[in-house]
Amino acid sequence: MYSQGLLAMDAENSETPEFLAAFQARIDADEKIEPNDPMPAAYRKTLIRQIGQHAHSEIVGMLPEGNWITRAPTLRRKVSLLAKVQDEGGHGLYLYSAAETLGVSRKEMTEELISGRAKYSSIFNYPTQSWADIGAIGWLVDGAAIMNQVPLCRCSYGPYARAMIRVCKEESFHQRQGYEIMVTLAVGAPEQKEMAQDALNRWWWPSLMMFGPPDGESMHSDQSTQWKIKRFSNDELRQKFVDATVPQAHHLGLALPDTDLKWDKDKQGYEYGEIDWDAFWRVVKGHGPLNRNRVAARKKAWEDGEWVREAALEHARKRRERSIQSQAAE
Ligand code: FAQ
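Values in this document were obtained by computation on a predicted structure and should not be read as measured data.

Student: Go over the overall build of the protein chain with me, naming the residues and quoting the values.
Tutor: Tallying secondary structure elements over the protein chain gives 14 helices and two strands in all. Compactness check: the protein chain gives a C-alpha radius of gyration of 22 Å against a globular reference of 20 Å for 330 residues, within 12% of the reference. Seen through its C-alpha atoms, the protein chain measures out along the principal axes to roughly 75 × 50 × 35 Å. Sorting the 330 residues of the protein chain into buried and exposed places 48% on the buried side. When contacts within the protein chain are restricted to residue pairs at least 6 apart in sequence, those whose partners lie at least 24 apart make up 78%. Charge-centre separation for the protein chain: the mean point of 42 positive side chains lies 5 Å from the mean point of 46 negative side chains.

Student: Lay out the site of the ligand with the relevant residues and their values.
Tutor: With respect to spatial proximity, 36 residues lie near the ligand, and among them Q53, K119, S218, H220 and K230 are the closest. Here an oxygen atom of the ligand and a side-chain polar atom of N148 are 3.0 Å apart. In isolation the ligand has 1,100 Å² of accessible area, and contact with the protein removes 93% of it. Only α3 (41-60), α5 (75-100), α7 (131-149), α8 (158-186) and α12 (277-287) provide two or more residues apiece to the shell around the ligand. The element contributing the most residues to the shell around the ligand is α3, with six residues. When grouped by side-chain class, the residues that make up the shell around the ligand number 14 nonpolar, 13 polar and nine charged.

Student: Mind laying out the layout of surface pockets, listing which residues take part and the relevant values?
Tutor: Over the atoms, a rolling probe the size of a water molecule traces out where space has been left empty. Of the pockets and cavities examined, the second largest pocket occupies roughly 340 Å³. Lining the second largest pocket are 17 residues, with I59, R106, R298, A301 and W302 sitting closest to its centre. Looking at the lining of the second largest pocket, the elements that each hand over two or more residues are α4 (62-66), α5, α6 (106-114), α13 (291-304) and α14 (306-329). The residue makeup of the lining of the second largest pocket, split by class, is 11 nonpolar, three polar and three charged.

Student: Report on the pattern of salt bridges, specifying residues and quantitative values.
Tutor: Tallying each qualifying case throughout the model produces 21 salt bridges. Among the salt bridges present, the one from R162 reaches E34, with a minimum N-O distance of 2.8 Å. Of this pair, R162 sits in helix α8 while E34 is found in the loop between α2 (17-28) and α3, placing the two residues 128 residues apart along the sequence. Its relative accessible area of 23% is what places E34 among the partly exposed residues. Among the charged side chains, a salt-bridge network with shared partners connects E65, K84, E88 and D142.

Student: Residue-level account of the side chain of K230, with values.
Tutor: Relative to the helices and strands, K230 is located in the loop between α10 (221-226) and α11 (234-252). With no salt bridge to any partner, buried K230 finds its closest opposite charge in D215, at an N-O distance of 6.8 Å. Within the local environment of K230, its side chain forms a polar contact with the side chain of N234, the two groups lying 2.8 Å apart. The residues contacting K230, other than those within four sequence positions of it, are S218, S221, S224 and T225.

Student: Tell me about the nonpolar core, residues and numbers included.
Tutor: With 50 residues, the main nonpolar core has W139, L140, L200, W203 and W204 as its most contacted residues. Mapped by element, the contributors of at least two residues to this core are α5, α7, α8, α9 (190-209), α11 and α12. Sort the elements by how many residues they give to this core and α7 lands first, with nine residues. Other than its neighbours up to four places away in sequence, W204 contacts L140, F241, V242, T245, V246, L256 and P257. Membership of the second largest hydrophobic core comes to 27 residues, among which are I27, Y96, A99 and M109.

Student: I'd like to hear about α13, residue by residue, with values.
Tutor: Along an α-helix, residues three or four positions apart point the same way, because every turn accommodates 3.6 residues. The end-to-end C-alpha distance of α13, which contains 14 residues, comes to 20 Å, matching closely the 20 Å that a straight helix rising 1.5 Å per residue would cover. Tucked into the core, α13 has its buried residues touching α3, α4, α6, α12 and α14.

Student: So what about the packing of aromatic side chains? Which residues, and what values?
Tutor: Centre-to-centre distance and the angle between the planes together describe a pair of aromatic rings. Across all of its chains, the model carries 11 aromatic pairs by this definition. Considering the side-chain rings of W204 and F241, the 6.0 Å spacing of their centres and the 25 degrees angle between planes classify their relative orientation as stacked. Here W204 is found in helix α9, whereas its partner F241 is found in helix α11, with 37 residues between them in sequence. Owing to a relative accessible area of 0%, W204 belongs among the buried residues under this scheme.

Student: If you had to explain the packing of α8 against α11 to someone new, which residues and values would you point to?
Tutor: In contact at an axis separation of 9 Å, α8 and α11 are set at 30 degrees when each is read in the N-to-C sense. By the criterion of interaxial angle, the relationship of α8 to α11 is roughly parallel. Between α8 and α11, the residues in contact are Q175, Y179, M182, V183 and A186 and Q248, H251 and L252, respectively. Grouping the amino acids of the contact of α8 with α11 by side-chain chemistry returns five nonpolar, three polar and no charged.

Parameters at a glance
- Residues numbered from 1 in each chain as written.
- Predicted model: local features only at pLDDT ≥ 70, side-chain atom pairs only at ≥ 80, totals over all residues.
- Heavy atoms only, no water.
- Helix = DSSP H or I, 4+ residues; strand = E, 2+ residues; numbered from the N terminus.
- Rg over C-alpha atoms; globule rule 2.2 N^0.38 Å.
- Buried < 20%, exposed > 50% of the residue type's maximum accessible area, 1.4 Å probe, protein only.
- Contact = heavy atoms within 4.5 Å.
- Lys, Arg positive; Asp, Glu negative; His and termini not counted.
- Charge placed at Lys NZ, Arg CZ, Asp CG, Glu CD.
- Near = heavy atom within 4 Å.
- Polar contact = N/O pair within 3.5 Å; in protein donor to acceptor, adjacent residues only side chain to side chain.
- Areas by Shrake-Rupley, 256 points an atom, 1.4 Å probe, with all protein chains shown as cover.
- Nonpolar A, V, L, I, M, F, W, Y, C, P; charged D, E, K, R; others polar.
- 1 Å grid on protein atoms, 1.4 Å probe; cavity = no way out; pocket = protein on both sides within 12 Å on 5 of 7 lines; lining within 4 Å.
- Points joined across faces, edges and corners; volume = space filled by probe spheres on them.
- Salt bridge = Lys/Arg side-chain N within 4 Å of Asp/Glu carboxyl O.
- Core = buried A, V, L, I, M, F, W, Y, C linked by side-chain atoms within 4.5 Å.
- Expected span 1.5 Å × (residues − 1).
- Phe/Tyr/Trp six-rings, centres within 6.5 Å; stacked < 30°, edge-to-face > 60°.
- Axes fitted to C-alpha atoms, helices over the stretch in contact; angles between N-to-C directions.
- Parallel < 35°, antiparallel > 145°, perpendicular 65-115°, else oblique.

Shown next as structure tokens:
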């Protein structure tokens, strides 16, 4: 596992009841925790887990959409999709950097991913079968990502919170480009509307699963909420997403694939049907339609890039050596 040395260092001096109470008081006062601040080992570990998984999700998330860059229907669509996929790569890099401030290296995080030990979002294990899937991903997947990530802009850990501000601005462009694709298909030929409906049918339930298990089964939520890493529960965010998205589907003239969906006047929100949690856990545990391909693609990219990393390190070493030699000569 990650940087045991660092975690052990925290444990020596940051687990006393006095320290934990003082740390919680800082969180309660809405102070930001910064990289060099003392922190409980469990706080560090939770952040490394969540930020690492989030970074992997952004990077693996480039694959389903990357699959359509060469087949985008127009030049304009291609340019937007290219920009979006590059943004996701950028998000992964900010997030790896934010995790590195906690003492874990990018190499360690990547090794966790390609060995299959680290998780990434379940949503990226499904195939993109038609161009309409690109619309559905922008609209639903980025829409769900925004719902989850806007509260993370107020997360107690400074580098993560600051990274999220820019990420959310970009995600909102992504959501719009996806919705615009759906609008175009929905008002197009009957075949195009059918493609949009088919994409919605396939992406709706996996998008609801992105928010994580139901609150009763969410093992990290209580502690992460107390530390203000999480500001809303998984079910609260899922409900907000459903309430925001159902009217958008109505506007498109598309039907949600949920016969139990109905407006509840009392709670001023939608009741929705039972999520297939067994299917969710199967995907999370590595048995979704494309888990193997996704991890294999990341492994190949990591191995193919080895010579670049070696060359960059060697270049840095030579520059350092030259600088030491020229200082010695002065
Ligand atoms: N998939 O106790 P909780 C994006 C795991 S970015 C896989 O509730 P927590 C942008 C969870 O890790 C999408 N695993 O956990 C984009 C834990 O396992 P562990 C990613 C999941 O952390 C768009 C276990 O289940 N966003 O889409 C999932 O309190 C388009 C128990 O769960 C983030 O990562 C899942 N869906 O809450 C890119 C946001 N859900 O670690 C390209 C940051 C749960 O003990 C194209 N993360 N698990 O082995 C979070 O907000 C939280 O970590 C949650 C989970 C809400 C995901």
